[in-house]
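Fold and contact review
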Amino acid sequence: MIKIKIPHTLVLMMYMMLAALVLTWLIPAGEFQRSVNDIGQTVVQPGTYSTLAEQPWLSPLTLFTVIPQALADAQGVIFFVLLIGGVMGILRATGMLDALIGLLLAKFANKTGWLILGGMLTFGIFSALIGVAEEYLIFVAMLVALCRALKLDGITAMGILIVGYGIGYGLSLFNPFTLLIAQAVAEVPPASGLWYRLVLWPVLFGIGFHHVYKYAKRVAADPSQSLLADLTPEQGNATTEYPRLTGRHKIILLGFVAVLGLLIWGIKVHGWYLVELSALFLGFGLFAVIVAKMGANQAANQFIEGAAELTATALLIGFARSIAMIMEQGQVLDTVIYYLAMPVEAFGAHFGAVSMLFIQSMLNLFIPSGSGQAFVTMPIMVPIADTAGISRQIAVLAFQMGDGLMNMIVPTNPVLMGILGLAGVPYERWFKFIAPLMIKLILACAVAMLVAVSIGYQ
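Conventions used here
Residues numbered from 1 in each chain as written. Predicted model: local features only at pLDDT ≥ 70, side-chain atom pairs only at ≥ 80, totals over all residues. Heavy atoms only, no water. Helix = DSSP H or I, 4+ residues; strand = E, 2+ residues; numbered from the N terminus. Buried < 20%, exposed > 50% of the residue type's maximum accessible area, 1.4 Å probe, protein only. Contact = heavy atoms within 4.5 Å. Areas by Shrake-Rupley, 256 points an atom, 1.4 Å probe, with all protein chains shown as cover. Polar contact = N/O pair within 3.5 Å; in protein donor to acceptor, adjacent residues only side chain to side chain. Salt bridge = Lys/Arg side-chain N within 4 Å of Asp/Glu carboxyl O. pLDDT = per-residue confidence, 0-100. Phe/Tyr/Trp six-rings, centres within 6.5 Å; stacked < 30°, edge-to-face > 60°. Axes fitted to C-alpha atoms, helices over the stretch in contact; angles between N-to-C directions. Parallel < 35°, antiparallel > 145°, perpendicular 65-115°, else oblique. Left-handed = near helix turned anticlockwise from the far one by under 90°. Core = buried A, V, L, I, M, F, W, Y, C linked by side-chain atoms within 4.5 Å. Patch = residues over 30% accessible without salt bridge, like charges linked within 9 Å, V, L, I, M, F, W, Y side chains within 5 Å. Expected span 1.5 Å × (residues − 1). 1 Å grid on protein atoms, 1.4 Å probe; cavity = no way out; pocket = protein on both sides within 12 Å on 5 of 7 lines; lining within 4 Å. Points joined across faces, edges and corners; volume = space filled by probe spheres on them. Nonpolar A, V, L, I, M, F, W, Y, C, P; charged D, E, K, R; others polar.

**A few points about the overall build of the protein chain**
Within the protein chain one finds 20 helices and 4 strands. The buried share of the protein chain, reckoned over its 458 residues, is 54%. Counting contacts in the protein chain only where the partners sit at least 6 residues apart, residues at least 24 apart contribute 80% of the total. For the protein chain, the accessible area works out to roughly 19400 Å², and carbon and sulfur atoms hold 68% of it.

**Some remarks on the environment of Thr94**
Residue position: Thr94 is located in helix α3 (residues 75–94). Expressed as a C-alpha distance, the spacing of Thr94 and Ala292, which sit 198 residues apart in the sequence, is 6.0 Å. Here Thr94 is in contact with His249, Ile252, Ala288, Ala292 and Met294, once residues within four sequence places are set aside. Engagement of the side chain of Thr94 in a polar contact is seen with the backbone oxygen of Leu91, the distance being 2.6 Å.

**Overview of the side chain of Thr335**
Examined against the element boundaries, Thr335 turns out to sit in helix α14 (residues 333–341). Excluding residues that lie within four positions of it along the chain, Thr335 makes contacts with Ile27, Pro28, Ala29, Gly30 and Tyr49.

**Side note on unusual backbone geometry**
A positive phi angle is found at Lys151, which is not glycine, with a value near 65°. Considering the arrangement of structural elements, one finds Lys151 in the loop between α6 (140–149) and α7 (154–170).

**Observations concerning the pattern of salt bridges**
On inspection of all chains with the given rule, the structure shows 1 salt bridge. The closest approach of N and O atoms between Arg429 and Asp230, which form a salt bridge, is 2.8 Å. With a gap of 199 residues between them, Arg429 in helix α20 (residues 427–454) and Asp230 in the loop between α9 (194–221) and α10 (247–270) connect regions that are remote in the sequence. Classification of Arg429 as buried rests on a relative accessible area of 15%. Judged by its relative accessible area of 54%, Asp230 is exposed.

**With respect to the confidence of the model for the protein chain**
Taken residue by residue, the protein chain gives an average pLDDT of 82. The fraction at 70 or more is 89%. Here residues 233–240 is modelled with pLDDT under 50, and outside its nearest four sequence neighbours on either side it reaches 9 contacts, counting other chains as well.

**Topic: the packing of aromatic side chains**
Following the criterion strictly, the structure yields 13 aromatic pairs and no others. On the basis of an interplanar angle of 5° and a centroid distance of 5.5 Å, the ring pair of Phe209 and Tyr213 is categorised as stacked. With Phe209 and Tyr213 both in helix α9, this residue pair falls 4 residues apart, about one helical turn. For Tyr213, a relative accessible area of 29% translates into the label partly exposed. Between Tyr427 and Phe431, the aromatic rings sit 6.2 Å apart at their centres with planes inclined by 50°, giving tilted as the arrangement.

**Description of the packing of α6 against α7**
Remark: α6 packs on α7, axes separated minimally by 8 Å, with the N-to-C direction vectors making an angle of 130°. Our classification of the angle between α6 and α7 gives oblique. Between α6 and α7 lies a crossing whose hand is right-handed. Residue-level inspection shows Val140, Leu143, Val144, Cys147 and Arg148 of α6 in contact with α7, the latter providing Gly154, Thr156, Ala157, Met158, Ile160 and Leu161.

**What about the nonpolar core?**
Most often, soluble globular proteins have nonpolar side chains that are buried together. Counting residues in hydrophobic clusters, the biggest one holds 158 residues, and the most contacted among them are Met158, Met378 and Trp430. The element that contributes the greatest number of residues to this core is α20, accounting for 15 residues. Excluding anything up to four places from it in sequence, Met158 contacts Val140, Val144, Val163, Ile419, Leu420, Ala423, Val425 and Trp430.

**A few points about a nonpolar patch on the surface**
A cluster of nonpolar side chains, contributed by Leu18, Val22, Trp25, Leu26 and Trp57, occupies part of the molecular surface with about 540 Å² of accessible area. With respect to the helices and strands, the residue Val22 is situated in helix α1 (residues 9–26).

**Considering helix α18 (residues 392–406)**
If you check α18, its first and last C-alpha atoms are 21 Å apart, about what 15 residues at 1.5 Å a residue would give, namely 21 Å. Within α18, 14 of the 15 residues are buried, which leaves the element mostly enclosed by the surrounding structure.

**Description of empty space enclosed by the protein**
The rolling of a water-molecule-sized probe over the atoms marks out the regions of remaining empty space. Here the structure, examined in full by the defined rule, presents 1 cavity of 30 Å³ or more. Estimates place the volume of the largest cavity at around 30 Å³. If you list the elements that add at least two residues to the lining of the largest cavity, you get α3 and α11 (274–291). In terms of residues, the lining of the largest cavity owes the most to one element, α3, which gives 4 residues. Counted by class, the lining of the largest cavity contains 8 nonpolar, no polar and no charged residues.

**Regarding the side chain of Ser355**
Structurally, Ser355 can be placed in helix α16 (residues 348–363). Of note is the side chain of Ser355, whose polar atom sits 2.7 Å from the backbone oxygen of Gly352. Contacts of Ser355, omitting those with residues within four sequence positions, involve Val344 and Phe347.

**Digging into the environment of Tyr338**
With respect to the helices, strands and loops of the structure, Tyr338 is situated in helix α14. As a C-alpha pair, Tyr338 and Phe32 span 306 residues in sequence and 8.8 Å in three-dimensional space.

**Side note on the environment of Ala72**
On the secondary structure map, Ala72 appears in helix α2 (residues 62–73). C-alpha separation for the pair Ala72 and Gly318, spaced 246 residues apart in sequence, amounts to 7.8 Å.

**Looking at α6**
Burial within α6 is extensive, with 7 of its 10 residues counted as buried. Within the sequence span of α6, burial applies to Val140, Met142, Leu143, Val144, Leu146, Cys147 and Ala149. At the exit of α6 stands Lys151, carrying a positive phi of roughly 65°.

Below is the structure:
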């Protein structure tokens, strides 16, 4: 049996940056014309692709200059991760997290399946409804600690979180950042086609749950089966002594619940994003310091230590952004989109719909932003769908599934790299866990696309 060895995540990023640079030398530069629509969104104009008269040439030095540029471009996510790390450092010092884990252990010690099911459902539903993703970073430390205490591992914890939210994004019910934008660009009624997504939801969720639960059972029965066994030799021998949940801990926990409520309200009502959310969690960190009666110097040290633990993660987020940035600077990203979209019309409605799914999945490697991908690809896919006899709703569904599900595996997704970094899970180990599941999910989605065409899904 041939074993594929995946390099360190940073090495993988450099390989992908090099491949993107070479691509800018090999394929013609081109662009679509863009315009601003009635609600202020910049969208691609279909049928306007043209090659550029002059091919931009990126020197090999671009590999070095693009990194600081990408770090600056991704600064919102990077600083959000660092600030969350600092606040988590304070929370660990208060003892609230350990006490809460002890309480949850008492309830779920013999109910691992229910823990996995409940966690995945929670993350999946919030992502499907309001597009939560980066906000889940605050749960990573607790999930990992809880799973290790249950004699599981960090991969199981990330399976609960990432698979849950990935399927939620892949079959969004009302997600304003992906579904509603894509439907607006495709000019179909907002949130329409809900019934078919509701039918598919339990199918894909069941596939994801089975994959995570089967792995968790294997690790619980034999910790050496963990994909992290050689990295965390203490796995399976976690302490069973946890502090009691005191009155101060309960106040901090109630504050945390209030913060989650404010977070949901702010996102839904006021369109809060990383700046506002960072400020919210900084305020909560100060609240925890006051309630725990922690000294200012200790709080500062804990905050810095927590943030310092995520330096590698912050760097990986910047490197991930640099790959697409190279293609943007070489002006070949539109060319890639143009040539990928061409075969759809030739395949007929059924296989054209499936090819749309694969195209959107591939493009997620270069455009990991869901809303960004919607603005770039949907104006191109919609007229192609019209001429190929594919409904616009199916084109939106292909975008949803290709964008959302691939977020669980593409290393250019800064949220994925941030979550894995917080959990201490190397990307190459995560890839070994998630790749088989992705194959199953994509095949199931391909069948779903064929059925959608057959039933005339609108």
